[in-house]
Amino acid sequence: MGINMIKILIVDDSKTSRKMLRGILEDAGMEVIGEAANGQEALILYTSLKPDVVTLDITMPVMDGINALKELMALDRTARVVMVTAAGQKGNVVEALKIGAKEFVAKPYEVDLIIDVIKKAME
């Protein structure tokens, strides 16, 4: 699958973060097919949109990224999820990878790194 065919769902409670990530991914030729502000919204959108990759922030209200990841994996064992973390969330990252996340990236976003991580998640 070419990079420009990848459909992405961005999940982050920060509108600014979503906008930044959308810009990076769209500039790389990927298609952002949805945005969610928390894990609960993410689950609803995942079911209806069927994205190739989900970027999932860890710290969010209503349902955080770890619980959303557990629910996503229960819903679809093949879900490709990239966790987005702030600095100092090593424990959460390790847990997320055990639950089934494919990769993770840290904020602030590094453009090349994000694109590489999404490509890796698709392998």
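Refer to the structure presented above.
Okay, so let's go over this structure. Quick caveat, the model's predicted, so the values are computed rather than measured.

The rules behind the values
Residues numbered from 1 in each chain as written. Predicted model: local features only at pLDDT ≥ 70, side-chain atom pairs only at ≥ 80, totals over all residues. Heavy atoms only, no water. Buried < 20%, exposed > 50% of the residue type's maximum accessible area, 1.4 Å probe, protein only. Helix = DSSP H or I, 4+ residues; strand = E, 2+ residues; numbered from the N terminus. Pairing = 2+ DSSP bridges. Expected span 1.5 Å × (residues − 1). Arc of directions from axis to C-beta. Contact = heavy atoms within 4.5 Å. Axes fitted to C-alpha atoms, helices over the stretch in contact; angles between N-to-C directions.

1. A word on the pairing of strand 3 (residues 53–57)
Within strand 3, five of the five residues are buried, which leaves it mostly tucked inside the rest of the structure. Side chains of strand 3 alternate between two faces, with Val 53, Thr 55 and Asp 57 and Val 54 and Leu 56 buried alike. In this sheet, strand 3 lies alongside strand 1 (residues 7–11) in parallel orientation, the contact comprising four bridges. Paired with Val 11 across the strands is Leu 56, a residue of strand 3. Both strand 3 and strand 4 (residues 81–85) contribute to a ladder of four bridges, which runs parallel. Among the inter-strand pairings, Asp 57 is bridged to a residue of strand 4, identified as Val 84.

2. Let's talk about helix 5 (residues 111–122)
Over its 12 residues, helix 5 runs 17 Å from end to end, which matches the ideal 16 Å to within 8%, given 1.5 Å per residue. Turning to helix 5, its buried residues are Ile 114, Ile 115, Val 117, Ile 118, Ala 121 and Met 122. The buried residues of helix 5 all sit within an arc of 160 degrees when viewed along its axis, so they share a single face. Those residues of helix 5 hidden inside the fold are in contact with strand 1, helix 1 (15–27), strand 3, strand 4 and strand 5 (103–106).

3. Some details on the sheet that holds strand 1
Strand order in the open sheet formed by five strands is 2-1-3-4-5, and the pairing between neighbours is parallel. Unpaired on one side and paired on the other, strand 2 (31–36) and strand 5 mark the two borders of the sheet. Each strand of the sheet is rotated relative to its neighbour by a mean of 20 degrees, with strand direction disregarded. In the sheet, strand 4 pairs with strand 5 via four bridges, with the strands oriented parallel. Among the inter-strand pairings, Met 83 is bridged to a residue of strand 5, identified as Phe 104.

4. A short note on helix 1
For helix 1, spanning 13 residues, the distance from its first C-alpha to its last is 18 Å, which sits close to the expected 18 Å at 1.5 Å a residue. Restricting attention to buried positions, one finds in helix 1 the residues Ser 17, Arg 18, Leu 21, Ile 24 and Leu 25. Here the buried residues of helix 1 occupy an arc of 130 degrees about the axis, which is enough to place them on one side. For helix 1, the exposed residues set more than 90 degrees away from the buried face come down to Lys 15, Thr 16, Lys 19 and Asp 27. Those residues of helix 1 that are buried lie in contact with strand 1, strand 2, strand 3 and helix 5. Gly 29 sits one or two positions beyond helix 1 and adopts a positive phi of about 95 degrees.

Geometric values such as these leave the question of function open.
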